[in-house]
Amino acid sequence: MTSVKDRLGAAGYALGWKLVCRLPESWARAGFLFFADLAWRRQGPRVMMLEGNLRRVLGPAASGKQLRALSRQTMRSYSRYWLEAFRLPVIPIDRIMAGMHVIDEETLLANLVSGRGVIVALPHMGNYEQAGYWIINRGAGSFTTVAERLKPDSLFRRFLAFREGLGMEVLPATGGASRFGVLAQRLRAGRLVCLVSDRDVTGGGIEVEFFGEKARMMGGPAALAVQTGAALLPVTLWFEDSGWGAQIHDEIPVPAEGTRREKIAAMTQQLADVYEAGIRAHPEDWHMLQPVFTADLDPDRLAAAEARAAVGGGP
C-alpha cells in the first residue's frame, strides 16, 4: 500500500517538474543551487555518505576543509543533473548537440554501423539522461536501459514515461520479465544497451578493487558481453561550463581463458579501473550518495550476496 508520505512526495515531484519547465532557466538554476547548498549545510545521511565516498577519492591526506569543499561542489553538480533532467524536454536539441563534447565517439558508432551490439557501461557521473538523448539524436537510434523502481509506483511511471518520450526503452530493475534475457535479445539484434553499473543494487554484484578498497559493482554489463559477444565500452561523463563532456573508452574484451564468472569478474574490475580514472579527473561530478564500498554495506545483505556467489549465483 502506498503511504501518504510517498503520495505527497510524488505529487511534489509532479508539481516541481511542471514549474521547472515553465520558469526562466536562470530562476530555476538559482533555486536548485539554493536547495543544494541547504542540503549540504544540513549534512544529512546522504551527504554524509557522499563525503564518505569522496574521502576515498581524495585519499587520507586530504583535510576536512578540502572534503567539505568538494562535497559542496558535488551537491551543486548533482542539483544541475536534476535541473537539466527535469528541463530536458524543453532544452532545444540544437543546444544539446552543439554543447556535447565527446572523445572517441567513432568507437561506439562504428560498432553499431557494423551491426554489432554495444553495451555502454557508465558510473553515476554528469548527466546520463542528456547523454542518452544526445546519442539517440546522433544516429544510434533508441537504446535499452534499466532503471531502479521508485516509490510510489506513480512516480516510477512518470519517470518511465519521461524517458520513453525521449526515445529510450526502459526496463524496471525489479519485477516484470527477465531483464537479462531482453537485454541479450537487443544486443544480438545489433542494438545499444546503456547500463549505470558503479553500485550494486541487486545484492549479487561483483567485488572489485576501487580507490584502494573493496567495493561491489554490477556484473551485468560484463555478463552480457560474455553471453552475446557485444562490445563493452566504458563511458565517463562530466559537466562543462555551458555544456557536457564524455569519453568513450576502449572496448573491454572478453578474456580468452577462465570460467564464465572469472571472465565477468576480470572485466568488471577493468570497468572499475576506468571509472576510477574518470572520477579522479572529475570528482565533483560523481553523484554517489549511496554506499558502494564494502565497508559501508549492510552486513546482512553482504552475507547474502557472498552466499549466492559461493553457490554460483549472480551474473
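Higher on the page you've got the structure.
Quantities reported herein were computed from a predicted structural model and do not represent experimental measurements.

Chemist: Talk me through the pairing of strand β8 (residues 231-239); I want residue IDs and the actual numbers.
Modeler: For β8, the buried fraction is high: 9 of the 9 residues fall into the buried class. Covered by surrounding structure in β8 are A231, L233, V235, L237 and F239 together with L232, P234, T236 and W238, the residues of both alternating faces. Count of turn residues in the β8/strand β9 (residues 244-248) antiparallel hairpin: 4 residues.

Chemist: Mind laying out the packing of helix α3 (residues 45-58) against helix α4 (residues 64-87), listing which residues take part and the relevant values?
Modeler: Where α3 contacts α4, the two axes come as close as 9 Å, and the packing angle between them is 120 degrees. Here α3 runs over α4; the crossing is right-handed. Taking contact as the criterion, the partners of R46, V47, L50, E51, L54, R55 and L58 in α3 are, on α4, G64, Q66, L67, R68, L70, S71, T74, M75 and Y78. Here the residues of the contact of α3 with α4 sort into 8 nonpolar, 4 polar and 4 charged.

Chemist: Kindly report on the packing of aromatic side chains, identifying the contributing residues and their values.
Modeler: Here the structure, examined in full by the defined rule, presents 11 aromatic pairs. Ring geometry for F210 and F211: centres 4.7 Å apart, planes at 65 degrees, overall edge-to-face. For F210, a relative accessible area of 0% puts it in the buried group. Judged by relative accessible area, F211 falls into the buried class, the value being 8%.

Analysis parameters
By convention here, each chain's residues receive numbers from 1 onward along its written sequence. Selection of residues for local features in this predicted model requires a pLDDT of at least 70, selection of side-chain atom pairs for listing and counting requires 80 or more, and totals for whole chains, interfaces and linings are taken over all residues. Excluding hydrogens and water, the side-chain values take into account all heavy atoms of the structure. Each residue's exposure class comes from its accessible area (1.4 Å probe, protein chains only) as a fraction of the maximum for that residue type: buried when under 20%, exposed when over 50%, partly exposed otherwise. Secondary structure follows DSSP: runs of H or I at least 4 residues long count as helices, runs of E at least 2 residues long count as strands, and numbering of each begins at the N terminus. By the convention used here, strands pair only if DSSP detects at least 2 bridges between them. Each axis is a line fitted through C-alpha atoms, and for a helix only the stretch in contact is used; angles between axes span 0 to 180 degrees, taken between their N-to-C directions. In this scheme the crossing of two helices becomes right-handed for a clockwise turn of the near helix relative to the far one and left-handed for an anticlockwise turn of less than a right angle. Contacts are assigned to residue pairs with any non-hydrogen atoms lying within 4.5 Å of each other. Note on residue categories: nonpolar means Ala, Val, Leu, Ile, Met, Phe, Trp, Tyr, Cys or Pro, charged means Asp, Glu, Lys or Arg, and polar means any other residue, Gly included. The criterion for an aromatic pair is that two Phe, Tyr or Trp rings (for Trp, the six-membered ring) have centres within 6.5 Å, with stacked assigned to planes under 30 degrees apart, edge-to-face to planes over 60 apart and tilted to the rest.

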